[in-house]
Amino acid sequence: MEMIDLILYSAAAVFLYMTVIFFIALIKKDNSIVDIAWGIGFILVAFLTFSLEKGFTSRHILITTLIFLWGTRLAVHILIRKKGKGEDFRYAQWRKDWGKWFVFRSFCQIFMLQAVLLLIIAYPIVLINHSTEEGISFFYVIGVIIWIKGFFYEAVGDYQLIKFKRKEENRGKIMTQGLWKYTRHPNYFGETLLWWGIFLISLSVKNGWTAIVSPVLITFLLLKVSGIPMLEKKYAGNKEFTEYAKKTSAFIPWFPKK
């Protein structure tokens, strides 16, 4: 199958998928379920492009497996985090701000926008599953190593935070232990790192360099748009967080300042 066909099939599947999630969100009155759907959307792209190509290589199996592990863990983590809670504060605020345009803006600015972002970030998945190259290369090995490190930071960081918040004595406190001692956002750092790992894996296939758009976009989003800025805005004025921020790296793990 031609690359353009894989991209078009992926686009159709993702837009249909996000439209279904939009209607479910309307019924549940909770747009934040899109966060659960995010990781699953990548799994959809991975399995679709894997199944549409004739035959498969070790790279096809690898990238599809990595995406399945990452997407499943992320979806389950967010589902557990949301259990018993209402709509996330970000989406709840938009619900108030958008007024009578809420439904239309939700569809366009949340669900369809995320569909577009998902497709751009998932581009290396499509590229790798379209490739015919076999064998292990330098970029292949380094990419897998970096992906594993990124997955570790994201998964362990999320686990440590949930474990911290479950303790009654920590209610209202700021997490400053474990990986959070070295970076204020180990999960976001891990997320970014693993997509750079996927990009490196894509460098082992034809035109792999074009996949640079994927890690650049996710890094920009987490550093400048929907990740760190929105979350830290929530803690503006919190004295404990202010002190924590003074001595702890915002993103790249490093030893805390004295």
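Just above, that's the structure.
Residues numbered from 1 in each chain as written. Predicted model: local features only at pLDDT ≥ 70, side-chain atom pairs only at ≥ 80, totals over all residues. Heavy atoms only, no water.

Engineer: How do you make sense of the overall build of the chain when you look at a structure like this?
Structural biologist: Of the regular secondary structure elements, the chain holds eleven helices and zero strands. Scanning the chain from its N terminus toward the C terminus, one meets helices and strands in the order α-α-α-α-α-α-α-α-α-α-α. Scaling as 2.2 N^0.38, a compact globule of 258 residues should have a C-alpha radius of gyration of about 18 Å, and the chain matches this with 19 Å. Expressed along its principal axes, the backbone C-alpha trace of the chain runs to roughly 55 × 50 × 25 Å. When burial is assessed residue by residue, the chain has 47% of its 258 residues classed as buried. For the chain, the computed accessible surface area is about 13900 Å², with 68% contributed by carbon and sulfur atoms. Looking at charge distribution, the chain has the averaged site of its 32 positive side-chain charges lying 8 Å from that of its 18 negative ones. (Helix = DSSP H or I, 4+ residues; strand = E, 2+ residues; numbered from the N terminus. Rg over C-alpha atoms; globule rule 2.2 N^0.38 Å. Buried < 20%, exposed > 50% of the residue type's maximum accessible area, 1.4 Å probe, protein only. Areas by Shrake-Rupley, 256 points an atom, 1.4 Å probe, with all protein chains shown as cover. Lys, Arg positive; Asp, Glu negative; His and termini not counted. Charge placed at Lys NZ, Arg CZ, Asp CG, Glu CD.)

Engineer: How should I be thinking about the nonpolar core in this particular structure?
Structural biologist: The tendency in soluble globular proteins is for nonpolar side chains to be buried side by side. Counting 55 residues, the largest nonpolar core has F42, I67 and W195 as the members making the most contacts within it. Those residues in contact with F42, other than ones at most four positions away along the chain, are I67, W70, L118, I121, A122, I125 and W195. Membership of the second largest hydrophobic core comes to seven residues, among which are L161, F164, M175 and Y244. (Core = buried A, V, L, I, M, F, W, Y, C linked by side-chain atoms within 4.5 Å. Contact = heavy atoms within 4.5 Å.)

Engineer: Could you clarify how one ought to interpret the side chain of S131 in this entry?
Structural biologist: Within the secondary structure layout, S131 lies in the loop between α6 (123-130) and α7 (138-166). On the basis of relative accessible area, S131 is assigned to the buried category, the value being 7%. There is a polar contact of 2.5 Å between the side chain of S131 and the backbone oxygen of I128. Excluding its chain neighbours within four sequence positions, the residues that come into contact with S131 are R59, H60 and V205. (Polar contact = N/O pair within 3.5 Å; in protein donor to acceptor, adjacent residues only side chain to side chain.)

Engineer: When you look at the packing of aromatic side chains in this model, what are you seeing that I'm missing?
Structural biologist: For the structure on display, the rule yields 22 aromatic pairs. Relative to F151, the ring of W147 has its centre 4.9 Å away and its plane inclined at 10 degrees; by these criteria the two rings are stacked. Of the two residues, W147 and F151 both sit in helix α7, four residues apart, roughly one turn of that helix. Aromatic ring contacts, followed pair by pair, group F22, F23, F107 and F111 into a single cluster. (Phe/Tyr/Trp six-rings, centres within 6.5 Å; stacked < 30°, edge-to-face > 60°.)

Engineer: What should I look at first to understand the pattern of salt bridges in this one?
Structural biologist: When their charged atoms lie close together, side chains carrying opposite charge are able to pair. Tallied over the full model, the rule gives nine salt bridges. Put simply, R90 and D88 hold a salt bridge, and the shortest N to O gap is 2.7 Å. Residue class for R90 comes out buried when judged on its relative accessible area of 18%. A residue is classified by how much of its surface remains accessible, and D88, at 22% relative accessible area, is partly exposed. Measuring nitrogen to oxygen at the nearest pair gives 3.0 Å for the salt bridge that ties R171 to E168. Connected through shared salt-bridge partners, D35, D88 and R90 make up one network. (Salt bridge = Lys/Arg side-chain N within 4 Å of Asp/Glu carboxyl O.)

Engineer: I keep staring at a nonpolar patch on the surface and nothing clicks. Help me out?
Structural biologist: A surface patch of nonpolar side chains, about 330 Å² in accessible area, is lined by V116, I120, I212, V213 and V216. Going through the elements one at a time, α5 (102-121) and α9 (213-225) are the ones with two or more residues in the nonpolar patch. Along the chain, the position of V116 falls in helix α5. For V116, a relative accessible area of 36% translates into the label partly exposed. (Patch = residues over 30% accessible without salt bridge, like charges linked within 9 Å, V, L, I, M, F, W, Y side chains within 5 Å.)

Engineer: What should I look at first to understand the packing of α7 against helix α8 (residues 186-202) in this one?
Structural biologist: How two helices pack is summed up by the angle between their axes together with the distance between the axes. Look at α7 against α8: their axes get within 7 Å of each other, and the N-to-C directions meet at 165 degrees. Taken together, α7 and α8 sit at an angle that is classed as roughly antiparallel. As α7 runs across α8, the sense of the crossing is left-handed. For the contact of α7 with α8, the class distribution of residues is 15 nonpolar, six polar and four charged. (Axes fitted to C-alpha atoms, helices over the stretch in contact; angles between N-to-C directions. Parallel < 35°, antiparallel > 145°, perpendicular 65-115°, else oblique. Left-handed = near helix turned anticlockwise from the far one by under 90°. Nonpolar A, V, L, I, M, F, W, Y, C, P; charged D, E, K, R; others polar.)

None of this, on its own, says anything about what the molecule does.
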